[in-house]
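Okay, here's what each chain looks like letter by letter:
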Amino acid sequence: MSRFRLIPREEKFYEDFLAMAELVREAAGILEEMLATDPPDAAKADAINDLEHRCDFLTHDIIQRLHRTFVTPIDREDIHALASSLDDVMDAIDDVASLFVGYRITHVSEPARRIAHVIAIMSDQILTGMRHMNRRQSVTPSVVEVNRLENEADRIHKEAVIVLFEQERDPIAVIKWKEIYDCLEAATDRIEDVSDVVQGVIVKHA
């Protein structure tokens, strides 16, 4: 008897979800590299934007195929939620990269680098969770780790904002960095959203 697949390969939904997760992981890695130097490498922001366009294309293709498919392997709302949440992560990463270029940041703060590192690790966990989902293996370890990392990013964000308001005297710099920190933290929230959707799919089809 053939092994049951949560998302059958012939429907192509799983391949596209996996491809999106891989694009997200690649973008997160590039963002971490971008923020590792002073000034940040603007060319890497362009590379992230290219990945964002590819992710948009995959999202559009998934939604269009969803409308054409009479019988779906999992609930339609779950397919839509997975595609949308993965696309939201990519958009958040692209937003962060764009801010560093648009605001002409020449020196990257240590908290920003730390959160970017957390985003990269979280994206690895999402890709692992997606692979486990297809094999009907437990996604709990990835879900727990994503939650832990999101809490860590939230802690770094709060501490960074406190220091920013206490030590920065330039009001324009305060505005710029507050937005950057918020966007970085928002990216971790969006990754946690993906993790929640994956866990929900597993629970439904357990």
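Remember, predicted model here, so these are calculated numbers, not experimental data. (Residues numbered from 1 in each chain as written. Predicted model: local features only at pLDDT ≥ 70, side-chain atom pairs only at ≥ 80, totals over all residues. Heavy atoms only, no water.)

Visitor: For this particular structure, what's the right way to read the overall build of the protein chain?
Guide: Counting its regular elements, the protein chain contains six helices and zero strands. For the protein chain, the N- to C-terminal ordering of α and β elements is α-α-α-α-α-α. For the protein chain, the C-alpha radius of gyration of 18 Å lies close to 17 Å, the compact-globule estimate for 206 residues. Sorting the 206 residues of the protein chain into buried and exposed places 46% on the buried side. Partitioning the intrachain contacts of the protein chain with sequence separation of at least 6 by distance along the chain shows that 82% fall at a separation of at least 24. (Helix = DSSP H or I, 4+ residues; strand = E, 2+ residues; numbered from the N terminus. Rg over C-alpha atoms; globule rule 2.2 N^0.38 Å. Buried < 20%, exposed > 50% of the residue type's maximum accessible area, 1.4 Å probe, protein only. Contact = heavy atoms within 4.5 Å.)

Visitor: Just to check I follow, could you spell out the packing of aromatic side chains for this structure?
Guide: Centre-to-centre distance and the angle between the planes together describe a pair of aromatic rings. Inspection of the entire model under this criterion finds two aromatic pairs. Their ring planes at 80° and their centres at 5.7 Å tell us that F100 and W177 sit as a pair that is edge-to-face. Of this pair, F100 sits in helix α3 (residues 76–102) while W177 sits in helix α6 (residues 171–205), and the two are 77 residues apart along the sequence. Given the relative accessible area of 2%, F100 is considered buried. (Phe/Tyr/Trp six-rings, centres within 6.5 Å; stacked < 30°, edge-to-face > 60°.)

Visitor: Sorry, what's going on with unusual backbone geometry here?
Guide: A negative phi holds for most residues other than glycine; trans holds for most peptide bonds. With an omega of -5°, the peptide bond running from D38 to P39 counts as cis. Residue placement: P39 occurs in the loop between α1 (13–34) and α2 (42–68). Its identity as a non-glycine residue notwithstanding, R104 has a phi of 55°, on the positive side.

Visitor: Mind showing me how you'd approach the state of the cysteines here?
Guide: Where two cysteines share a covalent bond between their sulfur atoms, that bond is called a disulfide. Evaluation of the coordinates by the stated rule reveals zero disulfides. For C55, which is in no disulfide, the shortest distance to another cysteine sulfur is to C183 and amounts to 17 Å. Of the residues examined, C55 reaches a relative accessible area of 0% and is grouped as buried. (Disulfide = S-S within 2.5 Å.)

Visitor: Help me understand the pattern of salt bridges, please; the structure alone is not making it clear to me.
Guide: Working definition: two side chains of opposite charge can pair if their charged atoms are close together. Inspection of the entire model under this criterion finds 12 salt bridges. Residue E145 is joined to R148 by a salt bridge in which the shortest nitrogen-to-oxygen separation is 2.8 Å. Of the two residues, E145 and R148 are both situated in helix α5 (residues 140–167); the distance of three residues between them amounts to about one turn of the helix. Accessibility expressed as a relative area gives 23% for E145, which makes it partly exposed. On the basis of relative accessible area, R148 is assigned to the partly exposed category, the value being 44%. Within the structure, one salt-bridge network assembled from shared partners comprises D16, D61 and R65. (Salt bridge = Lys/Arg side-chain N within 4 Å of Asp/Glu carboxyl O.)

Visitor: Teacher, can you tell me more about the nonpolar core here?
Guide: One recurring pattern in soluble globular proteins: nonpolar side chains tend to sit buried together. F17, L31, I93, F100, I119, M130 and L184 are the most contacted members of the largest nonpolar core, which has 68 residues in total. Sorting the residues of this core by element identifies α1, α2, α3, α4 (110–134), α5 and α6 as the ones contributing at least two each. Broken down by element, the residue count for this core peaks at 13 residues, all from α1. (Core = buried A, V, L, I, M, F, W, Y, C linked by side-chain atoms within 4.5 Å.)

Visitor: In this structure, what is going on with the environment of E159? I would like to understand it.
Guide: Position of E159 among the secondary structure elements: in helix α5. Between the C-alpha atom of E159 and that of P111, which follows or precedes it by 48 residues, the distance is 8.5 Å. Engagement of the side chain of E159 in a polar contact is seen with the side chain of R155, the distance being 2.8 Å. (Polar contact = N/O pair within 3.5 Å; in protein donor to acceptor, adjacent residues only side chain to side chain.)

Visitor: Please explain the side chain of D94 as it appears in this structure.
Guide: With respect to the element layout, D94 can be found in helix α3. Look at D94: it is buried, it has no salt bridge, and the nearest opposite charge is R54 at 13 Å. Every residue in contact with D94, bar those within four places of it in the chain, is listed here: A45, I48, N49 and E52. (Lys, Arg positive; Asp, Glu negative; His and termini not counted.)

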